[in-house]
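# Coordinates in review
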Amino acid sequence: MMINIIGLGYIGLPTALMFARHGIEVVGTDINKKLVNSLEEGRLTFEEKGLDKLFLDAFQNGIRFTTEYQKTDTYIIAVPTPYIKESKKLDPKYVISAINSTLDACDKGAILIIESTITPGSIDRYVRPEIEKRGFVIGQDVHLAHAPERIIPGNMVYELEHNSRTIGADSLYIGEKVKELYKSFCKGEITVTDIRSAEMSKVIENTYRDVNIAFANELAKICRSDNMDIYEIIRIANKHPRVNILQPGPGVGGHCISVDPWFLVGDYPGLANIILTARKINDSMPKHVLSRIRTIMREHNINDISKVGLYGLAYKENVDDTRESPTLQLLERMDEHLSFGVKVYDPFVKTRIVDHQFMNFGDFINEIEIIVIMVAHDHIKENIDLIKDKFVLDTKNICDFDGVYKL
Ligand code: SAJ
C-alpha cells in the first residue's frame, strides 16, 4: 500500500515523514519544484524541533518526493486554505486543484483524505460537486474523508504522534479504514465521525483559543487603563480550580488561530458575535503596542523612530514562521501612519523580508534605545543581560528587572 501526500508544507511534510518512519510507503507531491528539489537533496524547508531526525528516518525508509501525482488508492491532501481578505471566506482553489489532479491519477475506489483546515460545509459545497462534475460517483469510484490536524508549531513531531485526532467520513467503514491508517503512528485516541462534524470541530478548536486569548488581551487593556498588574491578576485568578486565563500578547498570528475564526464570521454573519469581537480585540493588539511605544518615546524624549527596535518577526516563540505575525501587523500599521525606519531583528528569520531588518543581534541592539520584545524566543531569554541598558517594552512578560515596560 502506498500513500501519496499532496502538499509538503508545515503539515503535509511532517505527516509524510511520520508515515514513512512507521514503515508505510510514501510519496510526497508538491507543485513547487524548488521545494521538491530541496527535499530530494536532503534539505529541510523549515525549522522544527525533531524534524531533522524524522527526515533522516523517513529517508532511510525510502520516502520519495516529486511534482507528479501518483497512481494509488490513498491520498492525503494538505494544501493551503487561505481566506479571502475582503469577504473573510475560505478560498478553496488549492484544494479543488489538488482534488482534480488526484482524480486524474487515482485508482478506482481510492480514498481522498483532506487534512487542510476547511470551513464547515466546504466538502459539500466545493469538493463533492467538483468530483461529481467529473463523472465520479462518491462512495463507489472514490471515497472522501476529512482528517484535520491538531499539531502545534514548535512541538509538531511530538504532537503528531501523541495528540488525539478526528476522522470524518461518509461511512463508518471508510472512517475505520482511515483510522487504521493513522494508527500506524498516532498513539492518541482517534474519533470517527461524519465529515461536517470533523470540519466544524477543527475550526472551533482554534476559535476557542482565539476567544480565550482575546479575553486575556482585553483584560490587559483594562489593567493598563487603570494601572493594575495584569500578570499578577491572572496568576491569582488561575488558582481557582475552574479558571484558566491565557496570556495577553502583542497580537495573534500564525496561519491557524488568526484565520479559522474568520471562516465562521464569514459564513454565519449575525450569529458569530463573540467570535467576531474576539478577532477584533486580537487584531487591535499591535495598535496597543504602538501606543505603548509612543508613551515610552514621549517619557524619554526620544523622537526618532529609528531608535526603536522590534525583537521578533515570527508569529510566536522558537519558530521561523512569520505568517500573520503580530510584528508584521504592527509594521503595516506603522506604514499606514507614515512611520518608517523602525529596526527589526529575529534570529530565526534568515532572509530579509522587511525594511531595516538586521541579521546580527549585536548590530541591532547597538543602534537602538528602545527594544520591544514581540516574541519570547529562547534566544532573547538567554541574552537578557545584553538589553538591560535599553528601555524595554516587554509584551511577553519575560523580563523581571526594574524599569521594564509591559503591555
Ligand atoms: N498566543 C497568545 N497568548 C497565549 C497563547 C498564544 O497571545 O496565551 C498567541 C501566540 O503568540 C501566537 C498565536 O496566539 O501568535 C497562536 O499561537 P498558538 O501557540 O496558540 O497556536 P498555533 O497557531 O501555533 O497552533 C494552533 C493550535 N490550536 C490550538 O491550540 C487550539 C494547534 O493545535 C493547531 O494544530 C494549529 O493552530 C493549526 O494548525 O490549526
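An account of the accompanying structure is given in this report. (Residues numbered from 1 in each chain as written. Predicted model: local features only at pLDDT ≥ 70, side-chain atom pairs only at ≥ 80, totals over all residues. Heavy atoms only, no water.)

### Things to note about the pairing of strand β4 (residues 74-77)
Successive side chains on a regular strand alternate, one facing one side of the sheet and the next facing the other. Going residue by residue along β4, you find Thr74 and Ile76 tucked away on one face and Tyr75 and Ile77 tucked away on the opposite face as well. The pairing of strand β1 (residues 2-6) with β4 spans four bridges and is classified as parallel. Its bridge partner being in β4, Asn4 is matched across the sheet by Tyr75. As paired strands, β4 and strand β7 (residues 110-114) are joined by four bridges and run parallel to one another. If you follow Ile77 over to β7, its bridge partner there is Ile114. (Buried < 20%, exposed > 50% of the residue type's maximum accessible area, 1.4 Å probe, protein only. Helix = DSSP H or I, 4+ residues; strand = E, 2+ residues; numbered from the N terminus. Pairing = 2+ DSSP bridges.)

### Considering a nonpolar patch on the surface
On the surface, a nonpolar cluster with roughly 250 Å² of combined accessible area is contributed by Ile222, Met228 and Ile233. One can find Met228 in the loop between α8 (195-225) and α9 (230-237). (Patch = residues over 30% accessible without salt bridge, like charges linked within 9 Å, V, L, I, M, F, W, Y side chains within 5 Å. Areas by Shrake-Rupley, 256 points an atom, 1.4 Å probe, with all protein chains shown as cover. Salt bridge = Lys/Arg side-chain N within 4 Å of Asp/Glu carboxyl O.)

### With respect to the site of the ligand
Around the ligand sit 20 residues, and of these Glu149, Arg150, Lys202, Arg209 and Tyr315 come closest. In the model, an oxygen atom of the ligand is placed 2.6 Å from a nitrogen or oxygen of the Arg150 main chain. The separation between a nitrogen atom of the ligand and a polar main-chain atom of Gln247 is 2.7 Å. Compared with its free state, where it exposes 770 Å², the ligand has 88% of that area covered by protein. Taken together, the residues of the shell around the ligand break down into nine nonpolar, four polar and seven charged. Residues lining the shell around the ligand come from more than one domain, with at least three contributed by each of domain 1 (2-193) and domain 2 (204-406). (Near = heavy atom within 4 Å. Polar contact = N/O pair within 3.5 Å; in protein donor to acceptor, adjacent residues only side chain to side chain. Nonpolar A, V, L, I, M, F, W, Y, C, P; charged D, E, K, R; others polar. Domains from an automatic or database assignment.)

### Observations regarding the environment of Phe136
In this fold, Phe136 is placed in the loop between α5 (122-133) and β8 (142-146). With 181 residues separating them along the chain, Phe136 and Glu317 place their C-alpha atoms 45 Å apart. Among residues more than four places away in sequence, those in contact with Phe136 are Leu103, Cys106, Ile131, Asp141 and Val142. (Contact = heavy atoms within 4.5 Å.)

### Section: the pattern of salt bridges
Any two side chains of opposite charge can pair, so long as their charged atoms come close to each other. A full pass over the atoms with the stated rule returns 26 salt bridges. Between Asp170 and Arg128 there is a salt bridge; the shortest N-O distance is 2.8 Å. Pair noted here: Asp170 is in the loop between β9 (165-169) and α7 (172-182) and Arg128 is in helix α5, with a separation of 42 residues, a long-range link. The exposure class of Asp170 is partly exposed, given its relative accessible area of 46%. Overall, Arg128 belongs to the buried group, its relative accessible area being 17%. A single salt-bridge network, built from bridges that share partners, covers Arg21, Lys53 and Asp57.

### With respect to the side chain of Ser325
In this fold, Ser325 is placed in the loop between β11 (308-311) and α12 (326-336). For Ser325, the contacting residues outside a window of four places in its chain are Gly253, Leu313, Ala314 and Tyr315.

### Re the sheet that holds β11
Spatially, β13-β12-β11-β14-β15-β16 is the arrangement adopted by the six strands of the open sheet, whose pairing is parallel. Either end of the sheet is taken by a strand with one partner, and the two such strands are β13 (357-358) and β16 (405-406). Note that strand β15 (residues 391-394) and β16 share two bridges and pair parallel. Across the sheet, residue Leu393 finds its bridge partner in β16, namely Tyr405. Contacting β11, β14 (370-373), β15 and β16, helix α11 (residues 273-299) runs over the sheet at an angle of about 160° to β15. (Axes fitted to C-alpha atoms, helices over the stretch in contact; angles between N-to-C directions.)

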